[in-house]
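An overview of the molecular structure
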Amino acid sequence: MLTRLSGRLLLRPEDVPPSRDDFEVVGAFNPGAVAVGREVVLLVRVAERPRERRPGFTALPRWVAGRGPTVEFLPDDELEPLDPRVVRRRADGLVRLAFLSHLRVVRCGGPSVESVTTECFTPHSEWEEFGVEDARITPLDGRFWFTYVAVSRHGAATALASTSDFRTFDRHGIILCPENKDVVLFPQRVGSAYAALHRPNGATPFTRPEMWLARSPDLTHWGRNEPLYGGSGAWETGRIGAGPPPIRTADGWLALYHGNRHPSRPGEVGAYAAGALLLDPEDPARVLRRTAEPIMEPTADFERRGFVPDVVFPTGLVETGETLLVYYGAADACTAVVEFSRGELLAALR
């Protein structure tokens, strides 16, 4: 693992006010991050659930057009809990989330929070019925573009939005259909096309988890898909996907990613750690070097214990000269930041 030069827990669930009085915040995590002038702006995923409890029933929130959040109470004997986040309906095998997520704007002075604002990016359409999650922010062509996961009865799709001020937002619709997550945009064109990393999540396990590369002429129409990296260590056998948007270095594109250890028992999610890849500057589908071992694993108490234990999930990266600030979700509950040496990280690539 890399040496943590510094680290700070930025947000716990209790630090973020709920969107309504009858909801409680269970997670404030997986922040998109970008430097804007002297501050760092985060888009933090805020997961909420109803406060009301009914014996023998499970509360399942969802967003309804024209009404906003609503709650359904389903009998426990009709549901099968899969893990702390998900239940499955016994009648048809379909799953539901036990919470509803939106994105909250948080403003930081580098490694410390200055304000948790009231500015939110909330569900809006049918394909966001079960929430909007896990923003990744890229400054591009004079605006801040961010991908996010739109979750609904149609599956988990990736959508695109943009903003100039993090107060008003423009939606650009679904760009990669279900099931696809962890989509990050490169901060400039590669050749004549925009480029993105993404994680297809097929239901049929022909292969181990993989990251793919896609290209686009206009940020909304994506194609030229090809596999990029499928992992090789035991710590990345369950899931693998992009972390923050890649950054350009002298030797190529530096891309942090997350790996998940395949769970060994029912109901477990499996530990999440972080690694790094160096991609060819002209053809980012070519992996030049990688870190054989994780650069970051759950070690702090707030990373080991939470809504989902043993999770570090990098989603934001801010360059600060010779060091890098990595913003991440911890245990699907908290937001934190860690500082790494740029030189040590690049030297760990083999």
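Here, the structure is the one placed above.
My aim in this report is to walk through the structure given alongside it, one point at a time. (Residues numbered from 1 in each chain as written. Predicted model: local features only at pLDDT ≥ 70, side-chain atom pairs only at ≥ 80, totals over all residues. Heavy atoms only, no water.)

Paired through backbone hydrogen bonds, the strands of a sheet run either parallel or antiparallel to each other. Judged by pairing direction, the sheet is antiparallel, and its 4 strands sit side by side in the order E15-E16-E17-E18 without closing on themselves. Since the sheet does not close on itself, it has two edges, and those belong to strand E15 (180-185) and strand E18 (223-229), each with one partner. Sheet twist, expressed as the mean angle between neighbouring strand axes with direction ignored, is 30°. Relative to E18, strand E17 (residues 211-216) is paired through 4 bridges, and the arrangement is antiparallel. Note on E18: the bridge partner recorded for Leu 213 is Glu 226. (Pairing = 2+ DSSP bridges. Helix = DSSP H or I, 4+ residues; strand = E, 2+ residues; numbered from the N terminus. Axes fitted to C-alpha atoms, helices over the stretch in contact; angles between N-to-C directions.)

Attention now goes to the environment of Glu 72. Inspection of the secondary structure assignment puts Glu 72 in strand E5 (residues 68-75). Counting along the chain gives 71 residues from Glu 72 to Arg 143, while the straight-line C-alpha distance between them is 38 Å. In this structure the side chain of Glu 72 is engaged in a polar contact, spanning 3.4 Å, whose partner is the side chain of Arg 62. A distance of 2.8 Å separates the side chain of Glu 72 from the side chain of Arg 96, its partner in a polar contact. (Polar contact = N/O pair within 3.5 Å; in protein donor to acceptor, adjacent residues only side chain to side chain.)

As a further point, take the sheet that holds strand E7 (residues 86-89). Across the sheet, 3 strands lie side by side as E6-E7-E8; this open sheet has antiparallel pairing. Pairing within the sheet leaves two strands with one partner each, and these edge strands are strand E6 (79-83) and strand E8 (95-97). Strand-to-strand twist of the sheet, defined as the mean angle between neighbouring strand axes without regard to direction, takes the value 35°. Where E6 meets E7, 4 bridges bridge the pair, whose relative direction is antiparallel. Across the sheet, residue Pro 81 finds its bridge partner in E7, namely Val 87.

Counting 23 residues, the largest nonpolar core has Leu 254, Ile 295, Met 296, Tyr 328 and Leu 345 as its most contacted members. Of all elements in the fold, only strand E21 (253-260), strand E22 (272-279), strand E24 (312-320), strand E25 (323-330) and strand E26 (334-341) reach the threshold of two or more residues within this core. The residues touching Leu 345, leaving out its near neighbours within four places in the chain, are Leu 2, Leu 254, Leu 256, Ala 276, Ile 295 and Leu 324. Core analysis: the second largest hydrophobic core is formed by 19 residues, Val 184, Ala 195, Tyr 229 and Leu 277 among them. (Core = buried A, V, L, I, M, F, W, Y, C linked by side-chain atoms within 4.5 Å. Buried < 20%, exposed > 50% of the residue type's maximum accessible area, 1.4 Å probe, protein only. Contact = heavy atoms within 4.5 Å.)

With an omega of -10°, the peptide bond between Pro 178 and Glu 179 qualifies as cis. For Phe 166, which is not a glycine, the phi torsion comes out positive at approximately 60°. With respect to the helices and strands, Phe 166 occurs in the loop between strand E13 (155-163) and strand E14 (170-176). Positive phi outside glycine occurs at Asp 182, with the angle close to 55°.

Most of strand E12 (residues 143-152) sits out of view: 9 of its 10 residues are buried. In this sheet, E12 lies alongside strand E11 (residues 131-140) in antiparallel orientation, the contact comprising 8 bridges. What sits directly across from Gly 131, in E12, is Val 151. Counting the residues that bridge the hairpin from E11 to E12 gives 2 residues, and of these Asp 141 lies at a positive phi of roughly 55°. Here E12 pairs with E13 via 9 bridges, running antiparallel. Its bridge partner lying in E13, Ala 150 is registered against Ala 157.

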